[in-house]
Amino acid sequence: MTTRFETEQKSGLLQRILTALPYVVLTISIVPIIIGFVWIIVATFSYRTQGILPINAQGKIGGLTLQNWTFLLDAKIWRVTFNSAMIALGMVVGVGFLSSLTGYALSRMNFRGRKTFLGMTLVLHAFRPELLLIAIFQVLLFIAGIPIAGKAFGFNTVGGVAIVMVSLELPLGIWLMKGFFDNISWDMERAALIDGASRFRVWWEIILPQIKPGIAALAIFNFISGWNAYLIPYTFTIGTKVSNLSVFLNQFSSDTSPMGWNQVAAVGLFQLIPILIFFIFTQEALLNIYGGGTKGGA
Amino acid sequence: MKVELTNLTKRWGDVVGAEGIDLSTKDGEFVAFLGPSGCGKTTTLLMIAGIYKPTVGEILFDDRVVNTVPPKDRNIGMVFQSYALYPHMTVFQNIGYPLKLQKVPKDELQKHVQRVADMMGIGHLMDRKPAQLSGGQQQRVALGRALIKEPQLLLFDEPLSNLDARLRLSMRSEIKRLQMDLGITSIYVTHDQIEAMTMADRVAVMKDGHLQAFAPPDELYDHPKTLFIAGFVGNPPMNFIEVEVKQENGSYQVLGPGIHLDLPADRGEKVARSSKVIMGIRPEDISLADTGVKGEVYLIEPLGRDDLLDVRIGETAVRVLADPALGVRMRDTVTLHFNTDTAQLFDPDTEQSLLW
């Protein structure tokens, strides 16, 4: 022990440099990202920018404006924002609920075809959505033909987009959830069964609270991918009534209209805000690793 | 409540968890399942709890077959090695959970939980989470949770294995005391033969999924039916020596490398047919004497009250308990007296006792 202590003292300076090094590297590596953010924020409030600085018509610094944000007065933007929110929440709830149930069953129960199911789920995840577009289109058209359900989940509906997004995300969600459930001790579950709980109550009252951080992680993941969804809404919706923010944003840079770069930045920033808020609220759950009530065998 | 197992078997494909267990307990009896890890004792316990479904055989509670009754309807309490407390609930919620599931009114639940917690000596810790408790306290919470619904059967799955030696000793007598006071039929799984011997009314010894014996502790100690039981029960473990038994004009003799002993006739008679046997003799039945078998002291382990000597007789090693006052040292040559009145004799092929 003493020898080790001495070595530590001798190389104190080196030790300090080694401790500081990661922070220095990390700080340097995020500088470009921070500059990018600052640039976007500045750009949304100016007519033009040179580098990171706003400039006016004379090429001098200045010329700030709120004109880029006037899109907020348009009713269309709130419509597409609402649609984006519905898709994102649909994914959070849909994927969260279905994959936590499926993951539990796959982790805890033994049934015929379990292994096949697991394998197939993984294979499904390997398919890129692009490959499936035409098939999905056919399915959505079919759903559109069904009375009542067709209105909510058919082609050219927000519900339809949400359903497609949920199904594409489910394989990953199921595998993630299965992994979290696998880490929970069987004893806790057995104890609850013996205490008199039904299988469903065990899942809801005993097991789910243990994997809160996992559920939060999945929720954030789904919210972001639902909120930013582009390909699926772009392909399966027509017009702003059912399109979402990403698709709306794309219209600014379409072939027929000149590119309003600063306006694009403003809409982009607007699209970013909910994700930042959502992350602030869920990061604590993400980082909060539960202190277990088990010792040894867990 | 009486518990009866008939031909109880659990297999997963080719893997055998437990095979043909036949056993029945009396009402209020404390039964221990003893065996090394992987012997099927926990598998059997989980079948009794209703977590595993038996492949073959029946489980009867008071003559009622409960094979298909789900755990929640069996009215049992169970304590796990890992305690299996619910980490997101307080001590109060943990202990009260079984009553909450029974939809017991709030004030009644409160009173009941407080009473059980006080009985377990954790009444002042009600608002703590399990992570804020010591191992012993967690164990008490687990015990309280198992007891609160006044079960007819208590199951213990190595409950003391995670505690330190001192605490294990006190919890051992506490559980025993509690069981006697409440009179609840209990099944206690352990790999620690001292726990099984000290706590249980009867001990079921298991090996490789099979029940080897089901008998009171004394019986297991004095009349072990198999080589395995003889070696597993008792501390320090029994010595086994390969010997030959010879009969010379009415008297029986044990012959081994450097060993020549007289065998009492009542024991010798039973080995008449097989001359090659394994003799088992406990360390406390070998003593240092003036005449007898000569051996060299190879190792001395002081146990406090006794010294445990590892003595080599030629190639054969035997453990001997000796009085520390004798001042035996390593490499000393000692003379051993074997008390063959209590010697056990086993068939080397079947490993069954030739005596019982």
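Being a predicted model, the structure only gives us computed values, none of them experimental. (Residues numbered from 1 in each chain as written. Chains lettered and ligands numbered in written order. Predicted model: local features only at pLDDT ≥ 70, side-chain atom pairs only at ≥ 80, totals over all residues. Heavy atoms only, no water.)

Chemist: Lay out the domain arrangement of chain A with the relevant residues and their values.
Modeler: Residues and elements named next belong to chain A. By the assigned domains, chain A splits into domain 1 (2-65) and domain 2 (72-287). In this structure, domain 1 and domain 2 have C-alpha centres spaced 34 Å apart. Listed as interface residues are nine residues of domain 1 and, on the opposing side, six residues of domain 2. Where domain 1 packs against domain 2, one counts zero salt bridges. Connecting domain 1 to domain 2 are three residue pairs in polar contact (both at pLDDT 80 or more). Top element by residues in the side of domain 1 that touches domain 2 is helix H2 (residues 12-44). It accounts for six residues. The residue makeup of the side of domain 1 that touches domain 2, split by class, is six nonpolar, two polar and one charged. (Domains from an automatic or database assignment. Contact = heavy atoms within 4.5 Å. Salt bridge = Lys/Arg side-chain N within 4 Å of Asp/Glu carboxyl O. Polar contact = N/O pair within 3.5 Å; in protein donor to acceptor, adjacent residues only side chain to side chain. Helix = DSSP H or I, 4+ residues; strand = E, 2+ residues; numbered from the N terminus. Nonpolar A, V, L, I, M, F, W, Y, C, P; charged D, E, K, R; others polar.)

Chemist: Break down the interface of chain B and chain A for me, with residues and values.
Modeler: Taken together, the contact between chain B and chain A spans 29 residues of the former and 25 residues of the latter. Each partner contributes to the roughly 2400 Å² buried at the junction of chain B and chain A, and carbon and sulfur atoms together form 60% of this total. Summed over the three residues of chain B that lose the most area to chain A, namely Pro87(B), His88(B) and Leu101(B), the buried surface amounts to 23% of that side. Our count for the contact surface shared by chain B and chain A stands at two salt bridges. The shortest N-O distance in the salt bridge between Lys100(B) and Glu205(A) comes to 3.3 Å. Counting every contact that joins chain B to chain A gives nine residue pairs in polar contact (both at pLDDT 80 or more). Where the side of chain B that touches chain A is concerned, the elements lending two or more residues are helix H1 (41-49), strand S6 (76-79), helix H2 (91-101) and helix H4 (135-147) of chain B. Here the side of chain B that touches chain A takes four residues from H2(B), the largest share from any one element. (Buried area = accessible area lost by both parts, 1.4 Å probe.)

Chemist: Can you tell me about the sheet that holds S6(B), naming the residues and giving the values?
Modeler: All names here are of chain B. Reading across from one edge, S6-S7-S8-S3-S9-S10 is the order of the six strands in this open sheet, with mixed pairing throughout. Looking along the sheet, the strands with just one partner apiece sit at the ends: S6 and strand S10 (210-215). Neighbour to neighbour, the strand axes of the sheet diverge by 15 degrees on average, direction disregarded. Here five bridges tie strand S9 (residues 202-207) to S10, and the two strands are oriented antiparallel to one another. In the sheet register, Lys 207 faces S10, and the bridge partner there is His 210. Contacting strand S3 (30-34), S6, strand S7 (153-157), strand S8 (185-190) and S9, H1 runs over the sheet at an angle of about 150 degrees to S7. (Pairing = 2+ DSSP bridges. Axes fitted to C-alpha atoms, helices over the stretch in contact; angles between N-to-C directions.)

Chemist: Tell me about helix H5 (residues 165-182) of chain B, residues and numbers included.
Modeler: Residues and elements named next belong to chain B. If you check H5, its first and last C-alpha atoms are 26 Å apart, about what 18 residues at 1.5 Å a residue would give, namely 26 Å. Every buried residue of H5 is listed here: Met 171, Arg 172, Ile 175, Lys 176, Leu 178 and Gln 179. Buried residues of H5, viewed axially, fall in a sector of 165 degrees; they line one side. Turned more than 90 degrees from where H5 packs its buried face, Arg 166, Leu 169 and Asp 181 sit exposed. Contacts from the buried residues of H5 go to S3, helix H3 (106-119), H4, S7, S8 and helix H6 (193-199). One or two residues past the end of H5 sits Gly 183, with phi positive at roughly 65 degrees. (Expected span 1.5 Å × (residues − 1). Buried < 20%, exposed > 50% of the residue type's maximum accessible area, 1.4 Å probe, protein only. Arc of directions from axis to C-beta.)

Chemist: Account for the domain arrangement of chain B, with residues named and values stated.
Modeler: Residue and element names in this part refer to chain B. Annotation of chain B at the domain level lists domain 1 (3-232) and domain 2 (239-346). Using C-alpha coordinates to define each centre, domain 1 is positioned 39 Å away from domain 2. Across the boundary between the two partners, domain 1 contributes eight residues, which contact six residues of domain 2. Three residues, Tyr 221, Leu 227 and Ala 230, lead the burial of domain 1 against domain 2; their summed loss comes to 70% of the area buried on that side.

Chemist: Break down the nonpolar core for me, with residues and values.
Modeler: Ile206(A), Phe33(B), Phe61(B), Leu153(B) and Leu155(B) are the most contacted members of the largest nonpolar core, which totals 70 residues. Dropping the residues within four chain positions of it, Phe33(B) is found in contact with Leu23(B), Lys41(B), Thr44(B), Ile48(B), Ile187(B), Tyr188(B), Val189(B), Thr190(B), Ala204(B) and Met206(B). (Core = buried A, V, L, I, M, F, W, Y, C linked by side-chain atoms within 4.5 Å.)

Chemist: Now, about the sheet that holds strand S1 (residues 3-12) of chain B: what can you tell me, with residues and values included?
Modeler: All names here are of chain B. An order of S2-S1-S4-S5 is seen for the four strands of this open sheet, with the pairing classed as antiparallel. With one partner strand each, in any of the chains shown, strand S2 (15-24) and strand S5 (64-65) form the two edges of the open sheet. H1 rests against S1, S2 and strand S4 (56-61) of the sheet, and its axis sits at about 115 degrees to S1.

Chemist: Got a sec to walk through helix H8 (residues 186-195) of chain A? Specific residues and values, please.
Modeler: Of all ten residues making up H8(A), nine are buried, and the element is well covered by its neighbours. Those residues of H8(A) that fall on the buried side of the exposure criterion are Asp187(A), Met188(A), Glu189(A), Arg190(A), Ala191(A), Ala192(A), Leu193(A), Ile194(A) and Asp195(A). Structurally, H8(A) contributes buried residues whose contacts are with helix H3 (75-108) and helix H9 (199-207) of chain A together with H1, S6, H2 and H4 of chain B. Gly196(A), located one to two residues past H8(A), shows a positive phi value of around 115 degrees.

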